[in-house]
Amino acid sequence: MSSRISRTVCLLVVAALSCPAWAQDDFDIPPAPPEQQVLVFNNDAEPETLDPAKMTGVPEHNLALALFEGLVRHHPETLEPLPGVAESWEVSADGLIYTFHLRNNALWSNGDPLTAQDFVFSYERVLSSTPDYGDPAQYAYMLWCIDNAEDYTKRVITDFDKVGVHALDEHTLRITLRASTPYFLDLACFETYMPVHPATVTKHGQRWTRAENFVGNGPFTLSEWKLNVEIVMTKNPNYWDADKVLLQTIHALGLANQDTSVDKFLAGELQWIRSVPSTRIDEVKLHPDYDASPYLGAYFYRFNTTKAPFDNPLVRRAFAMAIDRETICSRVLKGGQIPAESHVPPGIHNYTAGEGVSYDPFRARELLAEAGFPEGKGLPPVSLLYNTNESHKQVAEAIVDMWGKNLGVSVSLENTEWKVYLDRVDELDYQIARAGWIGDYTDPNTFMDMFVTDGGNNNTGWSNQRYDALIAQASVTQDQAARFGLFREAETLLCRDHLPIAPIYFYVNQYMLNEDIMGWYPNVRDLHPFRDIYIAEPE
């Protein structure tokens with residue numbers, strides 16, 4: 001953006017003349033004084049939880065980047081794995097054993113030492129049924145690349161000592177994988193791998209994430225949780241790298257209304273908004289603080305395959321083929337989104353997506369008739385569930401209109417706030433549900449393993465033995481070409497043959513960012529570690 005470039009040049013000149021030596025050494029653009037290091041941004045929704053073991057959504061993930069840190073963290077621009085709680089590690093020649101060496105100065109926010117045993121406790125908790133949690137975490141499968149982790153989750157074994165996670169001493173953690181996993185360090189950055197404070201979780205149970213009880217290990221700690229208003233986080237003085245963290249306070253608002261979010265940004269009340277409604281695209285495109293960039297994310301609809309009429313694959317195929325994805329992207333969203341017939345987005349090197357179904361309203365009507373519902377006659381009432389968001393509403397209204405015109409069916413809309421929506425999808429309390437998936441790491445597996453039988457994020461009721469076998473085989477296949485071929489076959493089963501989901505489009509990241517925000521870089525995962533962000537010195 002031209003205004004940001006000109007400001008950068010200007011401030012670099014000022015920096016050379018007036019910036020303190022420490023700021024010249026560490027920052028391209030000098031930071032504002034500490035009292036001005038306050039970031040206010042819109043996180044788009046009230047978070048479902050602040051427990052990293054329970055997190056499943058993007059709003060929660062954003063907060064985890066401030067409140068916790070795993071063994072490894074992401075570089076803010078390149079996304080390469082960097083040392084986090086672990087200052088170094090070794091990998092065995094066969095790629096199966098990772099030995100992490102934790103920092104001596106890694107502390108919890110209350111000052112307690114952070115130990116290797118804390119990670120063992122945290123990983124056992126993710127994989128277990130525990131009094132404070134209930135069932136294993138929805139994201140427990142993210143740890144299944146660890147030896148015996150899947151068997152422990154499924155209670156095939158009950159001795160956690162047999163799982164490949166062991167504290168060799170207070171500062172050494174050994175993780176043994178069931179097969180070489182090239183993206184494991186990327187995976188280890190994810191919030192499911194972030195530690196929790198054992199004493200706090202044990203003492204407070206499900207209430208440990210309240211502000212008065214909270215203990216974390218990230219660059220920030222929880223100061224206040226104003227329900228349905230904002231999360232307030234302040235700099236954690238006990239963070240191992242606190243001297244490099246410039247932000248003092250973060251206010252994360254939970255505004256679901258994107259119009260309000262844009263208005264507040266334009267009024268100077270927000271410095272960063274993570275999304276822009278399609279109704280405002282033409283307006284904000286002209287603003288120097290607006291930008292868009294590629295995003296490793298898929299937008300799709302889930303079908304509940306356990307209930308009529310979507311237990312019938314012919315009906316699912318008919319509904320999927322009656323969606324004009326080109327029109328959705330070009331006339332409804334208008335932000336550069338890419339029509340999708342498959343589930344894995346572009347951007348994963350050397351991967352070619354599987355086959356899907358194209359827009360074909362004539363064939364869609366034929367399929368619905370074959371299923372016993374000619375022109376929609378006799379079809380049970382159908383509803384589409386989505387969480388509160390103006391863009392979700394517009395897409396839903398457009399697709400419901402297409403189903404009406406192309407299939408002769410009437411579909412009602414159900415709108416709920418984020419937490420209710422997540423609960424209903426998890427409980428299969430829906431017929432069709434809006435969904436989105438952002439890559440947790442840069443590999444097809446992050447989009448594919450979620451749909452295995454009883455997968456924590458399957459949430460469709462769909463089960464297919466061939467699909468499960470392909471994903472399992474891919475998890476132990478070392479040759480990339482062969483491995484990607486397995487994923488492609490599985491993706492074709494998912495998006496062409498069985499369709500428990502209807503792909504709609506691939507995301508782009510549309511945002512508005514104040515020009516004074518530094519240390520923030522566009523990237524395909526939309527990951528922005530708060531430890532690296534700061535406010536530039538005023539002109």
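For the structure itself, consult the block above.
In this text the structure is predicted, and so the values were computed from the model without any measurement. (Residues numbered from 1 in each chain as written. Predicted model: local features only at pLDDT ≥ 70, side-chain atom pairs only at ≥ 80, totals over all residues. Heavy atoms only, no water.)

(A) The arrangement of the sheet that holds strand β5 (residues 97-102) in detail. Within the open sheet, the four strands sit side by side as β4-β5-β7-β6. Their pairing is antiparallel. A strand with exactly one partner marks an edge of an open sheet, and here the two such strands are β4 (86-91) and β6 (165-169). In this sheet, adjacent strand axes meet at a mean angle of 20° when their direction is disregarded. Sheet contacts for helix α4 (residues 116-127): β5, β6 and β7 (172-176); angle to β6, the most-contacted strand, approximately 165°. (Pairing = 2+ DSSP bridges. Helix = DSSP H or I, 4+ residues; strand = E, 2+ residues; numbered from the N terminus. Axes fitted to C-alpha atoms, helices over the stretch in contact; angles between N-to-C directions. Contact = heavy atoms within 4.5 Å.)

(B) Fine view of the side chain of Arg73. Counting through the fold element by element, Arg73 comes out in strand β2 (residues 72-74). Notably, Arg73 is buried but unbridged: the nearest opposite-charge side chain belongs to Glu69, and the N-O separation is 4.3 Å. Contacts of Arg73, omitting those with residues within four sequence positions, involve Glu80, Pro81, Leu82, Pro83, Gly84, Cys189, Trp240, Arg531 and Asp532. (Buried < 20%, exposed > 50% of the residue type's maximum accessible area, 1.4 Å probe, protein only. Lys, Arg positive; Asp, Glu negative; His and termini not counted. Salt bridge = Lys/Arg side-chain N within 4 Å of Asp/Glu carboxyl O.)

(C) Examining the packing of helix α16 (residues 465-476) against helix α17 (residues 480-498) more closely. Put simply, α16 and α17 touch, their axes get as near as 9 Å, and they point 160° apart. Classified by the angle between their axes, α16 and α17 sit roughly antiparallel to one another. Viewed along their axes, α16 and α17 form a crossing whose handedness is left-handed. Together, Arg466, Tyr467, Leu470, Ile471, Gln473 and Ala474 of α16 and Arg483, Leu486, Phe487, Glu489, Ala490, Leu493 and Leu494 of α17 make up the contact between the two elements. Its residues assigned to classes, the contact of α16 with α17 shows nine nonpolar, one polar and three charged. (Parallel < 35°, antiparallel > 145°, perpendicular 65-115°, else oblique. Left-handed = near helix turned anticlockwise from the far one by under 90°. Nonpolar A, V, L, I, M, F, W, Y, C, P; charged D, E, K, R; others polar.)

(D) Structural context of the packing of aromatic side chains. This structure, assessed with the given rule, holds 34 aromatic pairs. Ring geometry for Tyr183 and Tyr441: centres 4.5 Å apart, planes at 5°, overall stacked. Residue Tyr183 is located in the loop between β7 and α6 (184-187), and its partner Tyr441 is located in the loop between β16 (432-438) and α15 (445-448); the two are separated by 258 residues in the primary sequence. Neither residue differs from the other here; Tyr183 and Tyr441 are each classed as buried. For the pair Trp208 and Phe214, a centre-to-centre distance of 5.8 Å together with 15° between the ring planes defines the contact as stacked. By relative accessible area, Trp208 is classed as buried at 1%. (Phe/Tyr/Trp six-rings, centres within 6.5 Å; stacked < 30°, edge-to-face > 60°.)

(E) Representation of helix α10 (residues 313-321). Residues of α10 that are buried: Val315, Arg316, Ala318, Phe319, Ala320 and Met321. One side-chain oxygen of the residue at the start of α10 lies 2.9 Å from the amide nitrogen of Leu314, identifying that residue as Asn312. (Polar contact = N/O pair within 3.5 Å; in protein donor to acceptor, adjacent residues only side chain to side chain.)

(F) Looking closely at the pairing of β4. Sheet topology note: the β4/β5 ladder contains five bridges and is antiparallel. When the sheet's bridge partners are listed, Trp89 is paired in β5 with Phe100. Counted along the chain from β4 to the antiparallel partner β5, the turn is five residues long, and its residue Gly95 has a positive phi close to 75°.

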